[in-house]
Amino acid sequence: MDTTTPAAPDFAGVTALMADYFDGLYHSDAARLGRIFHPQAIYACATEGRLTHLTMDVYLPIVAARQSPASRGEARRDEVVSITFAGPVTALVQARCAIGPKHFTDFLSLVKLEGQWQIIAKTFHFDLT
């Protein structure tokens, strides 16, 4: 009989990662995003009727090259909708944010390796306003 108590879900760790995620997007800070995305993470979207699939080697330079929402004085429009844990080292976050006229719904798959949460997959949809 197992008498150990399972660890409580690490909401604080995931919430801290999400703060970095939203700050990285708002400031177009590819270095910050590079710390929270696993190097082998994928970025995927099918909103426009075709698959957009990027690796971090392609995605992060795109972020670095774009004008940031912060530099345009855009209001922050980001929120964590839900956090679901599959176990102590696996989580799924649903988040919303906006950059310019695009309003995103993100599904972020997270893994915890060597004590650090990282995004291993970002799948998203966007609507234009």
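Residues numbered from 1 in each chain as written. Predicted model: local features only at pLDDT ≥ 70, side-chain atom pairs only at ≥ 80, totals over all residues. Heavy atoms only, no water.

(A) Quick look at the overall build of the chain. Secondary structure summary: the chain contains three helices and six strands in total. Secondary structure of the chain in N-to-C order comes out as α-α-β-β-α-β-β-β-β. Taken over C-alpha atoms, the radius of gyration comes to 15 Å for the chain, in line with the 14 Å a tight globule of 129 residues would show. On the principal axes, the C-alpha backbone points of the chain span a range of 55 × 30 × 25 Å. Counting across all 129 residues of the chain, residues that qualify as buried make up 36%. A fraction of 52% describes how many contacts in the chain between residues 6 or more apart in sequence connect residues 24 or more apart. Looking at the chain as shown, the accessible area adds up to about 7400 Å², and 57% of this sits on carbon and sulfur atoms. On the chain, the mean spot of the 11 positive side-chain charges and the mean spot of the 13 negative ones are 6 Å from each other. (Helix = DSSP H or I, 4+ residues; strand = E, 2+ residues; numbered from the N terminus. Rg over C-alpha atoms; globule rule 2.2 N^0.38 Å. Buried < 20%, exposed > 50% of the residue type's maximum accessible area, 1.4 Å probe, protein only. Contact = heavy atoms within 4.5 Å. Areas by Shrake-Rupley, 256 points an atom, 1.4 Å probe, with all protein chains shown as cover. Lys, Arg positive; Asp, Glu negative; His and termini not counted. Charge placed at Lys NZ, Arg CZ, Asp CG, Glu CD.)

(B) Layout of the environment of aspartate 127. Summarising the element assignment, aspartate 127 is placed in strand β6 (residues 116–128). A relative accessible area of 44% places aspartate 127 in the partly exposed class.

(C) Main features of unusual backbone geometry. Its identity as a non-glycine residue notwithstanding, serine 28 has a phi of 50°, on the positive side. By relative accessible area, serine 28 is classed as buried at 10%. Backbone geometry at glutamate 114 places phi at a positive 50°, although glycine is not the residue there. Examined against the element boundaries, glutamate 114 turns out to sit in the loop between β5 (102–113) and β6. When its relative accessible area of 88% is taken as the criterion, glutamate 114 is described as exposed.

(D) The arrangement of the sheet that holds β6 in detail. In space, the six strands of this open sheet follow the order β2-β1-β6-β5-β4-β3, with mixed pairing throughout. Pairing within the sheet leaves two strands with one partner each, and these edge strands are β2 (52–55) and β3 (78–87). Taken over all neighbouring pairs, the strand axes of this sheet differ in orientation by 15° on average, direction set aside. Of the pairings in the sheet, the one linking β5 to β6 comprises twelve bridges and is antiparallel in character. (Pairing = 2+ DSSP bridges. Axes fitted to C-alpha atoms, helices over the stretch in contact; angles between N-to-C directions.)

(E) Seen up close, the side chain of aspartate 106. Relative to the assigned elements, aspartate 106 resides in strand β5. At 2.5 Å, the side chain of aspartate 106 and the side chain of tyrosine 21 are in polar contact. Each residue touching aspartate 106, except ones within four places of it in the same chain, is listed here: Tyr21, Val93, Gln94, Ala95, Cys97, Lys122, Thr123 and Phe124. (Polar contact = N/O pair within 3.5 Å; in protein donor to acceptor, adjacent residues only side chain to side chain.)

(F) Expanded view of helix α1 (residues 11–26). The first and last C-alpha atoms of α1 sit 22 Å apart over 16 residues, in line with the 22 Å expected at 1.5 Å per residue. Inspection of α1 places Gly13, Val14, Leu17, Met18, Tyr21, Phe22, Gly24, Leu25 and Tyr26 among the buried residues, and these make up the whole buried set. Positive phi shows up at serine 28, right after α1, with a value of about 50°. (Expected span 1.5 Å × (residues − 1).)

By themselves, these are just geometric observations and shouldn't be taken as functional.
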